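Coordinate analysis (summary)
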Amino acid sequence: MRARAHRRAWAGALALVCLAALTGCGGAAASATGGRPTVVIGAKQFTEQWIIGEMYRQALTEAGYDVELKNNIGSTEIIDGALTSGQIDLYPEYTGVILQVLARDASIPHSARDTFVKAKAFQEKRGLTMLQPTPFQNKNAVAVKPAFAKKHGLKTIGDLKKAGHIRFAEYPDNISGALGYTELVKEYGLTDTKARSLTIGLQYKALDHGDVEAADVFTTDPQLARGDYTLLEDDKNFYGFQNVAPVVHKDVLKEQGPEFAETLNKVDALLTEKAVQQLNRAVDTVRLTPAEVAGKFLEANGLL
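Keep in mind the model is a prediction, meaning the values are calculated, not measured. (Residues numbered from 1 in each chain as written. Predicted model: local features only at pLDDT ≥ 70, side-chain atom pairs only at ≥ 80, totals over all residues. Heavy atoms only, no water.)

Points about the overall build of the protein
Of regular secondary structure, the protein possesses 12 helices and 10 strands. Put simply, the protein has 304 residues, and 52% of those count as buried. Contacts in the protein between residues far apart in sequence, at least 24 positions, make up 78% of those at least 6 positions apart. Per element, the accessible surface of the protein, about 13,600 Å² overall, is 52% carbon and sulfur. (Helix = DSSP H or I, 4+ residues; strand = E, 2+ residues; numbered from the N terminus. Buried < 20%, exposed > 50% of the residue type's maximum accessible area, 1.4 Å probe, protein only. Contact = heavy atoms within 4.5 Å. Areas by Shrake-Rupley, 256 points an atom, 1.4 Å probe, with all protein chains shown as cover.)

In structure tokens, the structure reads:
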């Protein structure tokens, strides 16, 4: 009984947070006419993607579109392959990831806007396009415990060199690659560092128990709201800018009509860092389902 009451209380609090944190929320999109092909939405293998995917599905369904959601498709390279091969029609992607992982661009733009423009230009060459980016960005970051940072005088990622041997928690898909552990230690000259492969979410327990000294985390992780971890400054801007935008086939936008893109843009305009951190918390900590959390958020903001 207590658990159910807690879930109900959190659901109400989440709706209030969503409304208080956001402005300019419009009404639900007008229903579309039928007769169009089903649109398949994809999502990667972590909480934030599940929630955003559910928001897209529910908002588009409410607007009269026939949609299907496929979760847990895999890493950036895998889900991009699903998109370009036609297995899915769109998915939410991080702008810097597009440039660094897919386009393999060695130069990182100096602003979030420039990152989006450059990422969209890359996708346009492949028969794809991108809709408007979210206000929030979810970047990789390096976290340590506050006591460890104080003991060794750590403020930047490069300062880890002052702490001696570092055991570094990294999720399996990010050991290698443009934004991965191998490139990070090379960029910052962290020669006395050893990676420990841990599933996303387990790195916090590893930090708490002293099994690792540093960990790759995401800036919208709900665990960071408690203040139990210190994020080291990425002074070389290794991780770039990472706003989210739907990547979609151009022909899908054409056949679905203008209200399709308008609906997705309305959803993404709501996603501030504070809101997304609370949404992630509702799933990871309170244990609501992504579908429940997405639905309550959209309803609170007039899109359901």
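Section: the pattern of salt bridges
Tallying each qualifying case throughout the model produces 9 salt bridges. Put simply, R226 and D228 hold a salt bridge, and the shortest N to O gap is 3.0 Å. (Salt bridge = Lys/Arg side-chain N within 4 Å of Asp/Glu carboxyl O.)

Quick word on the pairing of strand β2 (residues 67–70)
Only one face of β2 is buried, namely the one carrying V67 and L69, since none of E68 and K70 on the opposite face is buried. With 4 bridges joining them, strand β1 (residues 39–42) and β2 adopt parallel strand pairing. Within β2, the position partnered with I41 by the bridge is L69. In this region the chain leaves β1, passes through helix α2 (residues 47–62) and returns to the parallel neighbour β2; the handedness of that crossover is right-handed. (Pairing = 2+ DSSP bridges. Right-handed = clockwise from strand over helix to strand, strands pointing away.)

As for unusual backbone geometry
In the Ramachandran plot, N72 falls in the positive-phi region, its phi being about 60° despite a non-glycine side chain. Tracing the backbone through its elements, the reader meets N72 in the loop between β2 and α3 (76–84). Phi at R287 is positive, roughly 70°, even though this residue is not glycine. Residue position: R287 is located in the loop between α11 (273–284) and α12 (290–300).

A look at the environment of K266
Assignment of secondary structure puts K266 in helix α10 (residues 258–269). Counting along the chain gives 134 residues from K266 to Q132, while the straight-line C-alpha distance between them is 9.3 Å.

Side note on the sheet that holds strand β5 (residues 140–144)
Sheet architecture is open: 5 strands sit in the order β7-β6-β8-β5-β9, paired in mixed fashion. Sheet topology places β7 (193–197) and β9 (230–232) at the edges, where each strand pairs with a single neighbour. Going across the sheet, the axis of each strand differs from the next one's by a mean of 40°, ignoring polarity. Pairing between strand β6 (residues 166–170) and strand β8 (residues 214–218): 2 bridges, direction parallel. Following the sheet pairing, F168 is matched in β8 by A214. Along the sheet, helix α7 (residues 181–188) makes contact with β5, β6 and β7, crossing β7 at roughly 160°. (Axes fitted to C-alpha atoms, helices over the stretch in contact; angles between N-to-C directions.)

Digging into the confidence of the model for the protein
Of all residues in the protein, 89% have pLDDT values of 70 or greater, and the mean over the chain is 90. Note that pLDDT drops below 50 for residues 1–9; the model gives that stretch 5 contacts with residues more than four away or on any other chain. Scored below 50 in pLDDT, residues 19–33 shows 28 contacts in the model against residues more than four places distant or in partner chains. (pLDDT = per-residue confidence, 0-100.)

Examining the side chain of E213
Mapped onto the secondary structure, E213 falls in the loop between α8 (202–208) and β8. Judged by relative accessible area, E213 falls into the buried class, the value being 15%. Separated by 2.5 Å, the side chains of E213 and R167 make a polar contact. Those residues in contact with E213 that sit more than four places away from it in its chain are A143, V144, F148, H165, I166, R167 and L207. (Polar contact = N/O pair within 3.5 Å; in protein donor to acceptor, adjacent residues only side chain to side chain.)

With respect to the nonpolar core
Within the largest apolar cluster, 62 residues are counted, with the highest numbers of intra-cluster contacts made by M55, V142, I157 and L160. Top element by residues in this core is α2. It accounts for 6 residues. (Core = buried A, V, L, I, M, F, W, Y, C linked by side-chain atoms within 4.5 Å.)

Focus on helix α4 (residues 95–102)
Since there are 3.6 residues in each turn of an α-helix, residues three or four apart along the chain are aligned in direction. For α4, a buried count of 8 out of 8 residues is recorded, marking the element as mostly surrounded by other parts of the structure. Looking only at α4, the buried set comprises T95, G96, V97, I98, L99, Q100, V101 and L102. Tucked into the core, α4 has its buried residues touching α3, β3 (90–94), α5 (112–124), β4 (128–130) and β10 (244–249).

Comments concerning the pairing of β5
Counted residue by residue, β5 has 5 buried out of 5 residues, so it is predominantly covered. Every second residue of β5 is oriented toward a common face, with N140, V142 and V144 on one face and A141 and A143 on the other, all of them buried. Pairing analysis gives 4 bridges linking β5 to β8, with the strands arranged antiparallel. Its bridge partner lying in β8, A141 is registered against V217. Strand direction decides the pairing type here: β5 and β9, joined by 3 bridges, are antiparallel. Considered in β9, the bridge of A143 is made with L231.

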